[in-house]
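Okay, here's what each chain looks like letter by letter:
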Amino acid sequence: MRDRLMVALDMPNKHQALEMRDTLADSVAWLKVGLRLFVAEGPELVMELLKSHKIFLDLKFHDIPNTVAQAVASAGDLGVQMLNVHASGGSQMLSAAAEAARAFPQMKLIAVTVLTSQDLPAEQTQKVVVGYASQVKESGLDGVVSSVHEVAGIKDACGDDFITVTPGIRWGGQDAQDQKRVADPTMAVRAGADYLVIGRPILQAPDPHAAAMQAQAMMRQA
Ligand code: C5P
């Protein structure tokens, strides 16, 4: 389960990011670097984190095909193991991104479907997410980001090997904050999610290492 938990390192600066990395130590294999930390500290910190962890670079590219393809190649050069774009960028953009990613076999390229902070009627969300997932697969990417609630439908449509990464993880009465489509770690693994992204429930816990271990214990219960 250690390999399926990704901690979102949404910290303001390098000092706090490295401190959290050391606190979590080997309780997690993956760290996710998102907009906050990347804008503040850039590629240098990503390379530092790559010395100890696998990195999911969560920058959610969404631009014209040529620009996205170039950015994908720059991320590939950094050596990250996972990267994402927005599925709503369209098939030309997705195909260009997939083509650029082919030069970096160590890097999985996935696409965000509908953000877990968005709350459409469940049936509509399911339809839109599975529609995006099919288009993402046809365009040659490795998987998608979705909520836990759409994972079964995605696996049905795209197959078990198509990767699903699920944020919006909360447990034990934790505040959902800005997340809307939430589920706990046991539900996520039961639904078939390949990777669980957890940020604030670990980062803001009194003991982040213990919170990461607790999340993994709940994953194992599945
Ligand atoms: O703190 P929390 O557990 O809500 O963090 C979730 C993380 O996953 C954040 O870094 C957020 O940017 C990211 N994310 C998300 N929904 C997506 C894609 C990424 O919440 N669809």
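The preceding data block contains the structure.
Residues numbered from 1 in each chain as written. Predicted model: local features only at pLDDT ≥ 70, side-chain atom pairs only at ≥ 80, totals over all residues. Heavy atoms only, no water.

## Things to note about unusual backbone geometry
Alright, step 1. A positive phi is found at Ala25, a non-glycine position, where the angle reads about 45 degrees.
Alright, step 2. Inspection of the secondary structure puts Ala25 in the loop between α1 (14–24) and β2 (30–33).
Alright, step 3. Of the residues examined, Ala25 reaches a relative accessible area of 33% and is grouped as partly exposed. (Helix = DSSP H or I, 4+ residues; strand = E, 2+ residues; numbered from the N terminus. Buried < 20%, exposed > 50% of the residue type's maximum accessible area, 1.4 Å probe, protein only.)

## A word on the site of the ligand
Alright, step 1. Residues in close proximity to the ligand total 17 residues, the closest being Asp10, Lys32, Gln179, Gly199 and Arg200.
Alright, step 2. In this structure, Arg200 approaches the ligand through a side-chain N or O atom, which is 2.7 Å from an oxygen atom.
Alright, step 3. Relative to its unbound accessible surface of 470 Å², the ligand loses 88% to contact with the protein.
Alright, step 4. Each residue belonging to the shell around the ligand can be placed in one class, and the counts come to eight nonpolar, three polar and six charged. (Near = heavy atom within 4 Å. Polar contact = N/O pair within 3.5 Å; in protein donor to acceptor, adjacent residues only side chain to side chain. Areas by Shrake-Rupley, 256 points an atom, 1.4 Å probe, with all protein chains shown as cover. Nonpolar A, V, L, I, M, F, W, Y, C, P; charged D, E, K, R; others polar.)

## Topic: the packing of aromatic side chains
Alright, step 1. Applying the stated criterion across every chain yields a total of one aromatic pair.
Alright, step 2. Measuring from ring centre to ring centre gives 5.5 Å for Trp30 and Tyr195, while their planes differ by 70 degrees; the resulting arrangement is edge-to-face. Taken together, the residues span a long stretch of sequence, with Trp30 in strand β2 and Tyr195 in strand β8 (residues 195–198) at a distance of 165 residues.
Alright, step 3. According to the relative accessible area criterion, Trp30 is buried, its value standing at 4%. (Phe/Tyr/Trp six-rings, centres within 6.5 Å; stacked < 30°, edge-to-face > 60°.)

## Comments concerning the nonpolar core
As a rule of thumb, soluble globular proteins bury nonpolar side chains together.
Alright, step 1. Of all hydrophobic cores here, the largest spans 67 residues; its most connected members are Leu57, Val72 and Val85.
Alright, step 2. The greatest single-element share of this core, amounting to six residues, is contributed by helix α4 (residues 91–101).
Alright, step 3. Filtering out sequence-adjacent residues up to four positions away, Val85 remains in contact with Lys60, Phe61, Val68, Val72, Met93, Leu94, Ala97, Leu109, Ile110, Ala111, Val112 and Leu141.
Alright, step 4. Residues Met6, Ala29, Met82 and Val145 belong to the second largest nonpolar core, which totals 13 residues. (Core = buried A, V, L, I, M, F, W, Y, C linked by side-chain atoms within 4.5 Å. Contact = heavy atoms within 4.5 Å.)

## Quick notes on the packing of α1 against helix α9 (residues 208–221)
Alright, step 1. At a minimum axis separation of 8 Å, α1 and α9 run at an interaxial angle of 55 degrees. Accordingly, the angle class assigned to the pair α1 and α9 is oblique. For the crossing formed where α1 meets α9, the hand is right-handed. Where α1 abuts α9, its residues Met20, Thr23 and Leu24 lie against Pro208, His209 and Ala212.
Alright, step 2. When the residues that make up the contact of α1 with α9 are grouped by side-chain class, the tally is four nonpolar, two polar and no charged. (Axes fitted to C-alpha atoms, helices over the stretch in contact; angles between N-to-C directions. Parallel < 35°, antiparallel > 145°, perpendicular 65-115°, else oblique. Left-handed = near helix turned anticlockwise from the far one by under 90°.)

## Considerations on the sheet that holds strand β1 (residues 5–8)
Sheet strands pair via backbone hydrogen bonds, and the direction of the pair is either parallel or antiparallel.
Alright, step 1. Taken together, eight strands build a closed barrel; the order of strands is β1-β2-β3-β4-β5-β6-β7-β8 and the barrel is parallel. Looking at each pair of strands side by side, their axes are set apart by 25 degrees on average, direction ignored.
Alright, step 2. Pairing of strand β7 (residues 163–166) with β8 involves two bridges; the strand directions are parallel. Each residue of the ladder has a partner; that of Val165, found in β8, is Tyr195.
Alright, step 3. Strand contacts of helix α2 (residues 35–49): β2 and β3 (54–61), with the helix running at about 145 degrees to β3, the strand carrying the most contacts.
Alright, step 4. On the sheet, α4 packs against β3, β4 (82–86) and β5 (108–112) and is oriented at approximately 165 degrees with respect to β4. (Pairing = 2+ DSSP bridges.)

## Looking at the pairing of β3
Alright, step 1. Of all eight residues in β3, six are buried; the element is thus mostly enclosed.
Alright, step 2. In terms of strand pairing, β2 meets β3 through four bridges, oriented parallel. When the bridges of β3 are listed, Leu31 appears paired with Ile55.
Alright, step 3. Handedness of the crossover joining β2 and β3 through α2 is recorded here as right-handed.
Alright, step 4. Note that β3 and β4 share three bridges and pair parallel. Each residue of the ladder has a partner; that of Leu57, found in β4, is Leu83.
Alright, step 5. You can see the chain leave β3, run along helix α3 (residues 65–78) and come back into β4, and the turn it takes is right-handed. (Right-handed = clockwise from strand over helix to strand, strands pointing away.)

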